[in-house]
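Spelled out from the first residue to the last, the chains are:
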Amino acid sequence: MFQKYKKPISKTLELAQALYEKGYLTYPRTDTEYLSEDEKDKIKQLLQTINNADLEFRGSKSIFDSSKVESHTAITITNKTPKLEELKEDEKQLYLTVRNRFYANFVKEECILDKTIVKFDLGEYKTKITGTAIKQQGYLKYENDIGESEIPKFNLNEEFIPTLKIEENETTPPSHLSEADLIKLCKNPYKDLLKESEEEDNDDDEYKKILEGSMIGTEATRAIMMEKIKNVGYVKEQKNKLVITNYGIKFIETLEALNENLWKEKTAELNKNLKRIYKGEITSEEVINIAKQELKDIMSQNITITKVDNNINKDIIGKCLKCGNGDIIENSKGYGCSNWKNGCDFFIWKTIANKNINKANIKELLLKGETSEIKGFKSKTGKMFNSKLIFNNGKIEFKFN
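**Side note on the overall build of the protein**
A tally of helices and strands in the protein yields eleven helices and 13 strands. Its C-alpha atoms give the protein a radius of gyration of 29 Å, more than 25% over the compact-globule value 21 Å for 401 residues. When each of the 401 residues of the protein is scored for burial, the buried share is 31%. The contacts of the protein with a sequence gap of at least 6 include a subset with a gap of at least 24, amounting to 55%.

Encoded structure:
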């Protein structure tokens, strides 16, 4: 849902819960992508009700595996089918996503791909290119996760002399994670998302870790966690990626200063202990006592933590033209001086004479004392005009050419 529709995790959970309450989907708060083996008869009946000629029952281990199910099985559609036109648009998107994933698992037709791999040996260096073409759709009819890519025609064992050149480039930092990436990382904290591997992860090992509790949170609590870290201001979204803020960096630095271990290994360990309580391997009192002792150790330290500046997460646009000491910071209504507590009242509204004043205009004004000509102001009488904005005697005024 995030990758296709850019729906936040919390919204997806909300939609899944609503469709579950209406009887269209099974219980949504589950960590598994498998059905239990005792559900085979139920799924057979469901497929008969659906009566889709593309589908047939398959009882394979890749679908039905009780060893990978703990409390709730994978989310599927039910035998209660909604009228799609009566669903809200985002409910419809989610329902079709679950339905199509369900259909894809029971498609009769085999998916056939024509895949070409061309390997190049360049002395001690090796590289390759891959081309993929769909010859027979199969499950891709309902959930197409294959990107076709054409490459030139090659013959087996063909040799040719390439033209090579050396280019000097700088390495780039790893990409920021999206919400979907972070969810995967919480589900398997020890998986390195930043490294590409030719081999798929071992599914059995991954589910073993999940059933042991080696993860952070649950499908439900992760959605709440995502919203909280955004709302508090530890991270912000930029082009559908999560980017840590200055406030988030300060939070981590504070934990380190307090010698407080809340890294993924520690968090996964706490989650594992909760799973052990569930299995009766350890008592809740034992886990609480461990937590109490850790809190005592933290509180007994003689460490001073500096107060976080309220403006730490705000973008500083420039220096104040009036007092000369404060920073100009954007808020919901305009651009004001951070030195307001000491009496500086310098403020520029985001809308002047019915014209939106953007950040680039403000930066230019703070740097040069005036802006370039801005078009589209509107007077009280409704007359349109163009003008510069200037700083004059502590105020923002119009300057006409």
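**What to know about the packing of helix H2 (residues 9-21) against helix H7 (residues 219-232)**
Interhelical geometry of H2 versus H7 gives an angle of 140° and a closest axis separation of 8 Å. One element, H2, and the other, H7, form an angle in the oblique class. Viewed along their axes, H2 and H7 form a crossing whose handedness is left-handed. Where H2 approaches H7, its residues Ile9, Ser10 and Leu13 are matched on the opposing element by Glu219, Ala220, Ala223 and Glu227. Residue classes in the contact of H2 with H7 are distributed as four nonpolar, one polar and two charged.

**Overview of unusual backbone geometry**
Unlike most non-glycine residues, Asn51 shows phi in positive territory, near 55°. If you trace the backbone, Asn51 turns up in the loop between helix H3 (40-50) and helix H4 (89-105). What makes Asn51 exposed here is its relative accessible area of 66%. Even without being glycine, Asn393 reaches a positive phi, approximately 50°. Checked against the element boundaries, Asn393 lands in the loop between strand E12 (384-392) and strand E13 (395-399).

**A closer look at H3**
Along H3, the positions that sit buried rather than exposed are Ile43, Leu46 and Leu47. Projected down its long axis, H3 shows its buried positions confined to an angular sector of 100°, all on one face. Set apart from the buried face of H3 by more than 90 degrees, the exposed residues are Asp41, Gln45 and Gln48. Asn51 sits one or two residues past H3 and shows a positive phi near 55°.

**Some points on the pattern of salt bridges**
Opposite charge on two side chains allows them to pair when their charged atoms are near. Within this structure, the stated rule accounts for 29 salt bridges. Across the salt bridge formed by Asp90 and Lys11, the nearest N and O atoms sit 3.7 Å from each other. Highlighted residues: Asp90 in helix H4 and Lys11 in helix H2, separated in sequence by 79 residues. Overall, Asp90 belongs to the buried group, its relative accessible area being 18%.

**Topic: the sheet that holds E13**
Across the sheet, which stays open at both edges, the three strands sit in the order E11-E12-E13 with antiparallel pairing between neighbours. Whereas interior strands pair on both sides, the edge strands pair on one side only; in this sheet they are strand E11 (374-378) and E13. Adjacent strand axes in the sheet meet at a mean angle of 60° when their direction is disregarded. Bridge count between E11 and E12: three bridges; the pairing is antiparallel. Counterpart to Phe377 in the pairing with E12 is Phe385.

**So, the side chain of Ser178**
Tracing the backbone shows Ser178 in the loop between strand E2 (125-136) and helix H5 (179-187). According to the relative accessible area criterion, Ser178 is buried, its value standing at 8%. Residues within four places of Ser178 in sequence aside, it is in contact with Phe2, Asn240, Lys241 and Leu242.

**Some points on the side chain of Ser36**
Of note, Ser36 is situated in the loop between H2 and H3. Here Asp38 takes part through its side chain, which lies 2.5 Å from a polar atom of the side chain of Ser36. Apart from residues lying up to four places away in sequence, Ser36 is in contact with Phe64, Ser66, Val69 and Thr73.

**Let's talk about helix H8 (residues 246-257)**
Counted at 1.5 Å a residue, the expected span for H8 with its twelve residues is 16 Å, and the 16 Å between its end C-alpha atoms agrees. Every buried residue of H8 is accounted for by Gly248, Thr254 and Leu255. Within H8, the buried residues cover an arc of 120° as seen down the axis, which keeps them to one side. Those residues of H8 hidden inside the fold are in contact with strand E4 (241-244). One or two residues past the end of H8 sits Asn259, with phi positive at roughly 55°.

**Quick look at the packing of aromatic side chains**
Going through the model one piece at a time under the given rule, you end up with 16 aromatic pairs. Where Phe385 meets Phe398, the ring centres are 5.3 Å apart and the plane angle is 85°; that geometry is what we call edge-to-face. Residue Phe385 is located in strand E12, and its partner Phe398 is located in strand E13; the two are separated by 13 residues in the primary sequence. With a relative accessible area of 19%, Phe385 lands in the buried category. Here the aromatic residues Phe57, Phe64, Phe102 and Phe106 are joined through ring pairs into a cluster of three or more. Its guanidinium or amino end placed over the ring of Tyr335, Lys350 lies 5.9 Å from that ring's centre, counting from NZ or CZ.

Definitions and limits used
- Residues numbered from 1 in each chain as written.
- Predicted model: local features only at pLDDT ≥ 70, side-chain atom pairs only at ≥ 80, totals over all residues.
- Heavy atoms only, no water.
- Helix = DSSP H or I, 4+ residues; strand = E, 2+ residues; numbered from the N terminus.
- Rg over C-alpha atoms; globule rule 2.2 N^0.38 Å.
- Buried < 20%, exposed > 50% of the residue type's maximum accessible area, 1.4 Å probe, protein only.
- Contact = heavy atoms within 4.5 Å.
- Axes fitted to C-alpha atoms, helices over the stretch in contact; angles between N-to-C directions.
- Parallel < 35°, antiparallel > 145°, perpendicular 65-115°, else oblique.
- Left-handed = near helix turned anticlockwise from the far one by under 90°.
- Nonpolar A, V, L, I, M, F, W, Y, C, P; charged D, E, K, R; others polar.
- Arc of directions from axis to C-beta.
- Salt bridge = Lys/Arg side-chain N within 4 Å of Asp/Glu carboxyl O.
- Pairing = 2+ DSSP bridges.
- Polar contact = N/O pair within 3.5 Å; in protein donor to acceptor, adjacent residues only side chain to side chain.
- Expected span 1.5 Å × (residues − 1).
- Phe/Tyr/Trp six-rings, centres within 6.5 Å; stacked < 30°, edge-to-face > 60°.
- Lys NZ or Arg CZ within 6 Å of the ring centre and 35° of its normal.

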